[in-house]
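So the chains spell out like this:
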Amino acid sequence: MGRAGAKEAIPLQHKDGLRTHQNTHIALCSEDMSTIRQAAIDGLGVTALPDYVCRAAVQAGQLIRVLPDWISQSASLSLLMPSRVGVPPHTKALAEFIRERLPVALAPAIQE
C-alpha cells in the first residue's frame, strides 16, 4: 500500500485484456478494508475493493461502481496443508466447505 499524501500509479486491466495505469493522489492509507470502504462511503474518494467487501454498500446505493469493466488487480487464494496423507476429518471437512462456498461468497455484486 502507498503512503497517505503520496502520488502513485494504480495498474488497471480491462476485461478485454487492455492494461494501463491511472495516476492518483493517496488520501488515506489503511490495510483494513472496512475502513477504506467507510471512507469511500463518507466521500473521501475512489477506491478499489473486492466485491465481497463492498457488495452490501453497492446494493444499498451507498457506493457505485465507476469502472465496472476494469479491475485494479487480481488475487489467488491457496489452502495449504503439510500433506494430504493423515489429514484429520475436520480439516478435510473445512477444505471441502471452503471449496464449495467460497466461489459463491466471492461472486461479483453486480452480474454483467
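Every chain's residues receive numbers from 1 upward, in the order its sequence appears when written. Only residues with pLDDT of 70 or above have their local features reported here, since the model is predicted, and side-chain atom pairs are shown and tallied only from 80 upward, although totals for entire chains, interfaces and linings are computed over all residues. The basis for every side-chain value is the complete set of heavy atoms in the structure, and neither hydrogens nor water enter the calculation.

Asker: Where do I start with the packing of helix α1 (residues 33–41) against helix α2 (residues 51–59) in this structure?
Answerer: Packed helices, taken two at a time, are described by the angle between their axes plus the distance between the axes. Lines fitted to the C-alpha atoms define the axes, with helices restricted to the stretch that makes contact. Angles between their N-to-C directions range from 0 to 180 degrees. A helix here means a DSSP run of H or I that spans at least four residues, while a strand means a run of E at least two residues long, and both kinds are numbered starting from the N terminus. It is at 10 Å that the axes of α1 and α2 come closest, and there the two elements cross at 35°. Relative to α2, α1 is oriented so that their crossing is right-handed. When α1 is examined against α2, the residues M33, R37 and I41 are found in contact with a partner set consisting of Y52, V53, C54 and A57. In this count, Pro and Cys sit with the nonpolar residues alongside Ala, Val, Leu, Ile, Met, Phe, Trp and Tyr, while Asp, Glu, Lys and Arg are called charged and the others, Gly among them, polar. Of the residues belonging to the contact of α1 with α2, the class tally is 6 nonpolar, no polar and 1 charged. For a crossing to be left-handed, the near helix must be turned anticlockwise from the far one by less than a right angle; the clockwise case is right-handed. Residues count as neighbours in contact if any of their non-hydrogen atoms are within 4.5 Å of one another.

Asker: What should I look at first to understand the environment of Q73 in this one?
Answerer: Among the secondary structure elements, Q73 is positioned in the loop between β3 (70–71) and α3 (89–105). Distance in space between the C-alpha atoms of Q73 and V53 is 15 Å, their sequence separation being 20 residues.

Asker: How do you make sense of the pattern of salt bridges when you look at a structure like this?
Answerer: Should their charged atoms come close, side chains of opposite charge can pair. One speaks of a salt bridge when a side-chain nitrogen belonging to Lys or Arg is within 4 Å of a carboxyl oxygen belonging to Asp or Glu. Applying the stated criterion to the full structure yields 3 salt bridges. When the shortest N-O distance is used, the salt bridge between R99 and E96 registers 3.4 Å. With R99 and E96 both in helix α3 and 3 residues apart, this pair spans about one turn of that helix. For R99, a relative accessible area of 46% gives the class partly exposed. Buried, partly exposed and exposed residues are distinguished by accessible area as a fraction of the type maximum, computed with a 1.4 Å probe on protein chains only: under 20%, between the cut-offs, and over 50%, respectively.

Asker: How should the nonpolar core be read in this particular structure?
Answerer: Nonpolar side chains tend to gather and get buried jointly when the protein is soluble and globular. We call a set of buried residues a nonpolar core when its members are Ala, Val, Leu, Ile, Met, Phe, Trp, Tyr or Cys and they connect through side-chain atoms within 4.5 Å of each other. Ranked by size, the top nonpolar core spans 8 residues in total: I36, A40, L49, V53, C54, A57, V58 and L63. Breaking this core down by element, the ones donating at least two residues are α1 and α2. Per-element tally for this core: the top contributor is α2, with 4 residues.

Asker: Would you mind going over the sheet that holds strand β1 (residues 7–14) with me for this structure?
Answerer: To summarise the sheet geometry, strands pair through backbone hydrogen bonds and adopt either a parallel or an antiparallel arrangement. An order of β2-β1-β3 is seen for the 3 strands of this open sheet, with the pairing classed as antiparallel. Of all strands in the sheet, those bounded by a partner on one side alone are β2 (19–25) and β3. Between any two strands, at least two bridges found by DSSP are needed for them to pair.

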